[in-house]
Amino acid sequence: MPVTTVGTTAVHVDAEGFLTDYDEWDEQLGADLAARIGIDLTDAHWRAIRFLRTDYVEQGETATLRRVSMLAGIPIKDLFTLFPGKPAKKMAYIAGLPKPHGCV
Amino acid sequence: MKALFATSIPITPPTAATAAPAPSIVPDFGDGTPTKRKLAIICSKGNLDMAYPGLILANAALGEGIETHLFFTFWGFDIITKSRMSDLKFTMLGNTATHLPQGLGGLPGMTAVATHQMKKQIAEIGVPTVPEFLEQIVDSGGHLWACRMSADMMHLDVADLHGAVEGIISAADFIEKTEGAQILFI
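Residues numbered from 1 in each chain as written. Chains lettered and ligands numbered in written order. Predicted model: local features only at pLDDT ≥ 70, side-chain atom pairs only at ≥ 80, totals over all residues. Heavy atoms only, no water.

## Side note on unusual backbone geometry
Residues and elements named next belong to chain B.
- If you check the backbone angles, histidine 99 has positive phi at about 60° while not being a glycine.
- Positionally, histidine 99 belongs in the loop between β2 (67-72) and α3 (102-105).
- Its relative accessible area of 70% is what places histidine 99 among the exposed residues.
- A positive phi angle, close to 55°, is found at histidine 155, a residue other than glycine.
- Tracing the sequence through the fold places histidine 155 in the loop between α6 (148-154) and β4 (165-169).
- On the basis of relative accessible area, histidine 155 is assigned to the exposed category, the value being 70%. (Helix = DSSP H or I, 4+ residues; strand = E, 2+ residues; numbered from the N terminus. Buried < 20%, exposed > 50% of the residue type's maximum accessible area, 1.4 Å probe, protein only.)

Okay, here's the thing in structure tokens:
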């Protein structure tokens, strides 16, 4: 498993750069990961990221966009504004989780 | 000048590297090079099980930042017709993939039973109903278009269709709008 340095922390990632160890993440690291892809995290971003982190522990897999929208109560439109382009993957990356595998 | 340089403050010697710096690995979200990829999905079937593939693929493409257009034509018009969209059906008839005797599918009430079962299974895995799915696609930036010929044949106009349908357009209009797109016919 490759190791990369985010900020000052060395973390394990997969070939694409998604963190592979849930416990290596903290909120400072999340902010650093976000900065790497040009996102400045606001409270609205954090609501989604924190939901993803908690939901992952309960479900064992990364929530899809629909799940975030339904359970965290954040409209899909807003998620596309907060994490432009590929929102589900960007959220997973910032939250230090694998890419979501669900279809919807 | 030479003397001035000679007496300049010494530079701190570099510390010996203990390990090679880890290479920076950042996923490519395509932000630097916005995708030119464009997808056009033609939905021509009105069965419940034939409505979902187009919707799911559209949703997946939008999640990847791909401009996506859906064109609803012929039986696929039911997917966006307000009075029909919540009542699409699944029949076992003519579908050998249920692996049940074909005669069963023809029994009275069997289509209702099969439809109920399929809707239940779809809901159980967290996939939305057809009208909700259309909302999600539009909220994700997708475009819905209705076929002019189908609307004329069925005597329907914009008021009869899902509110997010952007217009009733001809086949030629759709081809024009989707120039350069990859096309899926379902």
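After that view, the rundown keeps rolling.
## Section: helix α3 (residues 65-72) of chain A
- Listed as buried for α3 of chain A are Leu65, Arg66, Val68, Ser69 and Ala72 of chain A.
- Tucked into the core, α3 of chain A has its buried residues touching α2 (43-59), α4 (76-82) and α5 (87-94) of chain A together with α5 (130-139) of chain B. (Contact = heavy atoms within 4.5 Å.)

## Structural notes on the environment of isoleucine 122 of chain B
Residue and element names in this part refer to chain B.
- Locating isoleucine 122 in the fold gives a position in helix α4 (residues 110-124).
- With relative accessibility at 15%, the residue isoleucine 122 sits in the buried group.
- Taking the C-alpha atoms as reference, isoleucine 122 lies 10.0 Å from aspartate 49; in sequence the two are 73 residues apart.
- Ignoring sequence-local partners within four residues, the contact set of isoleucine 122 consists of Tyr52, Val127 and Pro128.

## Things to note about the pattern of salt bridges
- Overall, the coordinates contain 11 salt bridges over all chains when judged by the stated rule.
- Between arginine 66 of chain A and glutamate 132 of chain B there is a salt bridge, with its nearest N and O atoms 2.8 Å apart. Placement of the pair is arginine 66 of chain A in helix α3 and glutamate 132 of chain B in helix α5, with the two residues belonging to separate chains.
- For glutamate 132 of chain B, a relative accessible area of 38% gives the class partly exposed.
- Shared partners join several salt bridges into a network, and the residues in it are Lys86 and Lys89 of chain A together with Glu64 of chain B. (Salt bridge = Lys/Arg side-chain N within 4 Å of Asp/Glu carboxyl O.)

## Looking at the sheet that holds β2 of chain B
All names here are of chain B.
- Taken in spatial order, the 5 strands line up as β4-β3-β2-β1-β5 in an open sheet, and their pairing is parallel. Each edge of the sheet is formed by a strand with only one pairing partner; in this case those strands are β4 and β5 (182-185). When strand polarity is set aside, the average angle formed by the axes of neighbouring strands in this sheet is 20°.
- Sheet topology places strand β3 (residues 143-147) next to β4; 4 bridges connect them, and they run parallel. Of the residues in β4, the one forming a bridge with leucine 144 is valine 165. (Pairing = 2+ DSSP bridges. Axes fitted to C-alpha atoms, helices over the stretch in contact; angles between N-to-C directions.)

## Topic: the side chain of serine 69 of chain A
Residue and element names in this part refer to chain A.
- Turning to its location among the elements, serine 69 is positioned in helix α3.
- For serine 69, a relative accessible area of 14% translates into the label buried.
- The contacts of serine 69, once residues within four sequence positions are left out, are Ile74, Pro75, Ile76 and Leu79.

## Observations regarding a nonpolar patch on the surface
- Nonpolar side chains collect at one region of the surface, where Phe74, Trp75, Met149 and Met153 of chain B lie side by side and expose about 450 Å² of accessible area between them.
- In this fold, methionine 153 of chain B is placed in helix α6. (Patch = residues over 30% accessible without salt bridge, like charges linked within 9 Å, V, L, I, M, F, W, Y side chains within 5 Å. Areas by Shrake-Rupley, 256 points an atom, 1.4 Å probe, with all protein chains shown as cover.)

## So, the pairing of β3 of chain B
- Here β3 of chain B lies mainly inside the structure; 4 of its 5 residues are buried.
- Between the parallel elements β3 of chain B and β4 of chain B, the chain passes through α6 of chain B in a crossover that is right-handed. (Right-handed = clockwise from strand over helix to strand, strands pointing away.)

## Comments concerning the confidence of the model for chain B
Residue and element names in this part refer to chain B.
- Summarising the model, chain B shows a mean pLDDT of 88, and 87% of its residues fall at 70 or more.
- β3 holds the highest mean pLDDT among the elements of chain B, 97, whereas helix α1 (residues 2-6) holds the lowest, 47.
- Across residues 1-7, confidence stays below pLDDT 50; counting only partners more than four residues off in sequence or on other chains, it has 0 contacts.
- Ignoring residues within four places in sequence, the model shows residues 12-18, a span with pLDDT below 50, making 0 contacts including any to other chains. (pLDDT = per-residue confidence, 0-100.)

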